[in-house]
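Architecture and fold: a report
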Number of protein chains: 2
Amino acid sequence: MQERNRILLIAAGNLLKKDDIKKVITLLEKLHPADAAEIVSSLPEEDQKRVFESWDIPHAADTLQEMDESEQLDIVELLSTPLVADIMEDMAADDAADLLGGLSKHDQERILAAMERKDALEAMRLMAHKADTAGGIMTPEFVALTKGMTAQDSIELLREKAPTAETIYYVFVVNKDNQLIGVISLRDLIIAKPTQRVEKIMNPNVIFVDVDTDQEEVASIMSRYDLLALPVVDQEHHLLGIVTIDDVVDVIEEEASEDIYLLGGVRREERLDSPAFESIRNRLPWMTFNLLTAFLAAAVVLSFQSTIGKLVVLAGFMPIVAGMGGNMGTQTLTVTTRGIALGQLEFREGMRVIARQIGIGVIIGAFTGILAGLVAYFYDQNPYLGLVLFLAMTINMGIAGLAGAGIPIVLRLLRQDPALGSGVIVTTFTDVFGFLTFLGLATLLMRFLI
Amino acid sequence: MQERNRILLIAAGNLLKKDDIKKVITLLEKLHPADAAEIVSSLPEEDQKRVFESWDIPHAADTLQEMDESEQLDIVELLSTPLVADIMEDMAADDAADLLGGLSKHDQERILAAMERKDALEAMRLMAHKADTAGGIMTPEFVALTKGMTAQDSIELLREKAPTAETIYYVFVVNKDNQLIGVISLRDLIIAKPTQRVEKIMNPNVIFVDVDTDQEEVASIMSRYDLLALPVVDQEHHLLGIVTIDDVVDVIEEEASEDIYLLGGVRREERLDSPAFESIRNRLPWMTFNLLTAFLAAAVVLSFQSTIGKLVVLAGFMPIVAGMGGNMGTQTLTVTTRGIALGQLEFREGMRVIARQIGIGVIIGAFTGILAGLVAYFYDQNPYLGLVLFLAMTINMGIAGLAGAGIPIVLRLLRQDPALGSGVIVTTFTDVFGFLTFLGLATLLMRFLI
């Protein structure tokens, strides 16, 4: 929270203690809704309730709209059904549908029943789309023009629609069956002669997406073509809604967080300010799974007990092989996962990318293996220990390249999220194979080592 | 590359073999500049040269603008100085300045000298700002209104400026000293009565940033307040330029990539399709550094050789302690780094966050430690081995919480990028302390263990 909002939060708290709810509301209304939302959601529950109950609906809707989903759900639980219904009618249709989608079936029905029929139907239509598709992030509050209208007519229509439309900077042209046939920017409308017809001004090569398109693809198209709004159509090319750039900014941040979290082995629900109990509940299943993978590596080492018993110094050098492999695997996984996310991977190039990463691993493994081997040689005065370390590192870092590139590419081919592999799977590979190659080679060459 | 562009690339290649450069240009002009850029930059160098030399300047500029910096620099090297100067004059001022900034001092001077004085001066002014600040990503091509103008006057002015301005959807109001005093959206101008004066329509609470503001902060403000354009001012509040949302989308993607790369220990220059030689050169210094940290962990183990010699089974269980600590540390690092990037960390809460992460580590460590301890007990029929494993895991996962949260938070306090710590530093901690606590405890309790 910024310093200014922190001060305003204290001021609001003091005013509420004196029951001066009117002044609190005056104070909040002077702020941008994003700031008002931050302050209100930091108040104690009973104060949140009082503020929302005394506020006019448009301000309440603007503020609720700016909150995180979990904060919104907390507020909705505090308020009466008719009040929630009134606020939802006033919210942007896509935001209202997202919020409803987060509620239980029972709460959804209760609130939808209290909403005006038109708004309730619109919300239900939007909720029918999967949350992470174009349909799930689009808004039906766009402006559509029909062929035959003039630039002047269009600007008149925009003037009328401006207060409720999500954006008026791009308007879309449809035929009489509501099929998308073109796009006009407000910039073009303003430059155009007032009597010019929209079909002369519009760009018929309009970029659009299907309602089922994944939100990541939507974001990548809007970012590629620098669009402020992207129309969404159904299979018969009917215009259903538009995705606006502000929602896409959220998608880009969300998808980046998701990749970062998956790579780090953390569930996306976890935040830095989550209560410790929640963090533990989120991480425990995954850490228990990690323990199983750790036992795999331990089992490999335990199967070489007699080798280590003969030459204890091996126990000291074996973590180098596993650790360097792990680092290499993590680097490769990072480059591959991000490369896939940013569209750097050509579909047919998968095998070549994997081969290249294996090659990179082997070369870096050989180079660092020589260094490590020399240190081992000087430490133990035995060139064969150095040789075993060098060979094991070279092989294991090749395996790191294979696992780090291969796992996300295979996941991608299976149409799963490439980041699902996560660091732990890759380091399990590099641990197991690191111990196996190093201790296995040492066992084979034992007569030279002792 | 999308399938369509791949086909067009082949078509363009065939036409160029027949020297039919005119048809290639007709084909490219039908495409969105982003697609034309992708196709042209995939052509052989001599064909790129031919296309740009036969093309009209506006199309050449639009297309060059859409390329990656490295692709732009390749093209600039192929073309004559006067042609490059002409193209740059036609590019968006911020894009031209970014491209010039990537050239050598000598090339900059050569091209600036050939550009029109006005454009050259503007580019030089923009280049004076650091690339990753508001000044580095802003454009001077905005529309400013002065007090006293009416809504009608403003729309007339916009009509005139529309072809060159980056955006006309937000216009800014300045006083006679060019100081920023308000903002009006085109939406408000269109709704307003034609005779109304701008000072009555404008919003005087305009959100702005200082020219030196970090680009990550700029992105976070624009995303928080859902802005399409953000004005940039100097210390005396003079309006210098605006940052537009399309540039911010790029910033968000860039910053997310940077965090992902830093956490994974990869330099940001590396791409999935980089040549193997470049990847090796990029990673080798870092992997050599990793080797040094791996020797730290090895040194700890080697100092306990006599302990391991007495009980070789310890060598099998020690990777579990280090590995689980490493996973815990990576999780904590991920949550902390991302939390800082998304503004979830309050400045004064650093100590509390670290304490909470240590607590989470200890609890998960104790839980998984009991499981691991039981397995060790059943494997070796010795309850003390289980106890040592349990204690070492509990302690080391507390250390993982400390390192995973503490390192990025301290880096942040030192005004460094919190992601700089990267996984390797954290896992070095957890390796060293994991081996130390496990083998140290085993040494202390040796008489119970054998």
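Please read these numbers as outputs of a predicted model, since none were measured by experiment.

The rules behind the values
- Residues numbered from 1 in each chain as written.
- Chains lettered and ligands numbered in written order.
- Predicted model: local features only at pLDDT ≥ 70, side-chain atom pairs only at ≥ 80, totals over all residues.
- Helix = DSSP H or I, 4+ residues; strand = E, 2+ residues; numbered from the N terminus.
- Rg over C-alpha atoms; globule rule 2.2 N^0.38 Å.
- Buried ≥ 20, exposed ≤ 12 C-beta atoms within 10 Å, placed from the backbone.
- Contact = placed C-beta atoms within 7 Å.
- Core = buried A, V, L, I, M, F, W, Y, C linked by C-beta atoms within 7 Å.
- Pairing = 2+ DSSP bridges.
- Axes fitted to C-alpha atoms, helices over the stretch in contact; angles between N-to-C directions.
- Domains from an automatic or database assignment.
- Least-squares fit on C-alpha atoms with pLDDT ≥ 70 in both.
- Nonpolar A, V, L, I, M, F, W, Y, C, P; charged D, E, K, R; others polar.
- pLDDT = per-residue confidence, 0-100.
- Parallel < 35°, antiparallel > 145°, perpendicular 65-115°, else oblique.
- Left-handed = near helix turned anticlockwise from the far one by under 90°.

**A look at the overall build of chain A**
In terms of regular secondary structure, chain A is built from 23 helices and six strands. Taking 22 Å as the expected radius of gyration for a compact globule of 450 residues, we find that chain A reaches 30 Å, considerably beyond that expectation. Along the three orthogonal principal directions, the C-alpha set of chain A runs to about 90 × 60 × 40 Å. The 450 residues of chain A split such that 48% are buried. Sequence separation of 24 or more characterises 70% of the internal contacts of chain A that already satisfy a separation of 6 or more.

**Details of the nonpolar core**
Counting residues in each nonpolar core, the largest one holds 222 residues, and the members touching the most others are V243(A), L389(A), F435(A), V243(B), L389(B) and F435(B). The contact partners of L389(B), leaving out residues within four places of it in the chain, are F317(B), V321(B), G369(B), A372(B), G373(B) and A376(B).

**Structural notes on the sheet that holds strand β1 (residues 144-146) of chain A**
Residue and element names in this part refer to chain A. One open sheet accounts for three strands, arranged β1-β2-β3; its pairing is mixed. In this open sheet, the two edge strands, each paired with only one partner strand, are β1 and β3 (180-185). Averaged over all pairs of adjacent strands, the angle between their axes in this sheet comes to 35°, without regard to strand direction. Sheet topology places strand β2 (residues 170-174) next to β3; five bridges connect them, and they run antiparallel.

**Regarding the domain arrangement of chain A**
Taken domain by domain, chain A holds domain 1 (3-130), domain 2 (144-252) and domain 3 (276-449). Domain 1 of chain A and domain 3 of chain A are separated by 50 Å when their C-alpha centres are compared.

**Brief notes about the sheet that holds strand β5 (residues 229-233) of chain A**
Residues and elements named next belong to chain A. Taking strand neighbours across the sheet as the criterion, the three strands line up as β4-β5-β6 in an open arrangement whose pairing is mixed. What marks the edges here is a single partner per strand, and that holds for β4 (209-210) and β6 (239-244). Relative to β6, β5 is paired through five bridges, and the arrangement is antiparallel. In the sheet register, L230 faces β6, and the bridge partner there is V243. The sheet contacts of helix α15 (residues 215-224) involve β4, β5 and β6, and relative to β5 the element is tilted by about 135°. On the sheet, helix α16 (residues 245-264) packs against β5 and β6 and is oriented at approximately 65° with respect to β6.

**What to know about the relation of the copies chain A and chain B**
For the pair chain A and chain B, the relating rotation is 180°, the translation along its axis is 0.1 Å, and the fit reaches an RMSD of 0.2 Å. Within this description, the copies of the chain are treated as partners about a two-fold rotation axis.

**Quick word on the interface of chain A and chain B**
At the interface, 91 residues of chain A touch 91 residues of chain B. The dominant element in the side of chain A that touches chain B, judged by the number of residues it contributes, is helix α19 (residues 313-341) of chain A, at 19 residues. Classifying every residue of the side of chain A that touches chain B by side-chain character gives 54 nonpolar, 22 polar and 15 charged.

**A look at the environment of A131(A)**
Tracing the backbone through its elements, the reader meets A131(A) in the loop between α10 (117-127) and α11 (134-137). Taking the C-alpha atoms as reference points, A131(A) and G101(A), separated by 30 residues in sequence, lie 8.6 Å from one another.

**Focus on the confidence of the model for chain A**
Here chain A averages 90 in pLDDT, while 98% of its residues score no lower than 70. For this predicted complex, the interface score ipTM comes out at 0.79, alongside a pTM of 0.80.

**A word on the packing of helix α17 (residues 276-302) of chain A against helix α19 (residues 313-341) of chain B**
Where α17(A) meets α19(B), the axes come as close as 8 Å, and the angle between the chain directions of the two elements is 150°. Between α17(A) and α19(B), the crossing angle belongs to the class labelled roughly antiparallel. Where α17(A) crosses over α19(B), the handedness of that crossing is right-handed. Residues R283(A), M287(A), N290(A), L291(A), A294(A), F295(A), A297(A), A298(A), V301(A) and L302(A) of α17(A) form the contact with α19(B), whose own contacting residues are V313(B), A315(B), G316(B), F317(B), P319(B), I320(B), G323(B), M324(B), N327(B), M328(B) and Q331(B). Tallied by class, the residues present in the contact of α17(A) with α19(B) amount to 15 nonpolar, five polar and one charged.

**Notes on the environment of A36(B)**
All names here are of chain B. Relative to the helices and strands, A36 is located in helix α3 (residues 33-40). The exposure class of A36 is buried, given the 27 C-beta atoms found within 10 Å. In this structure, the C-alpha to C-alpha distance between A36 and D417, residues 381 residues apart in sequence, is 36 Å. In this structure A36 touches L28, L31 and T63, once residues within four positions along its chain are discounted.

**Examining the pairing of β6(A)**
Each regular strand shows side chains that alternate between the opposite faces of the sheet. Taking burial as the measure, the six residues of β6(A) include six buried ones, the bulk of the element. Turn length for the β5(A)-β6(A) hairpin, with the two strands adjacent in sequence and antiparallel, is five residues, and the turn residue H237(A) shows positive phi of about 70°.

**A closer look at the packing of α19(B) against helix α20 (residues 350-380) of chain B**
All names here are of chain B. Remark: α19 packs on α20, axes separated minimally by 11 Å, with the N-to-C direction vectors making an angle of 155°. What the angle tells us is that α19 and α20 run roughly antiparallel. You can see that α19 and α20 cross each other, and the crossing is right-handed. Taking contact as the criterion, the partners of V313, F317, I320, M324, M328 and T332 in α19 are, on α20, Q357, G361, I364, T368, A372, A376 and D380. Each residue belonging to the contact of α19 with α20 can be placed in one class, and the counts come to eight nonpolar, four polar and one charged.

**Quick word on unusual backbone geometry**
Here R415(A), not a glycine, exhibits a phi torsion of approximately 60°, which is positive. Within the secondary structure, R415(A) is located in the loop between α21 (383-413) and α22 (422-444).

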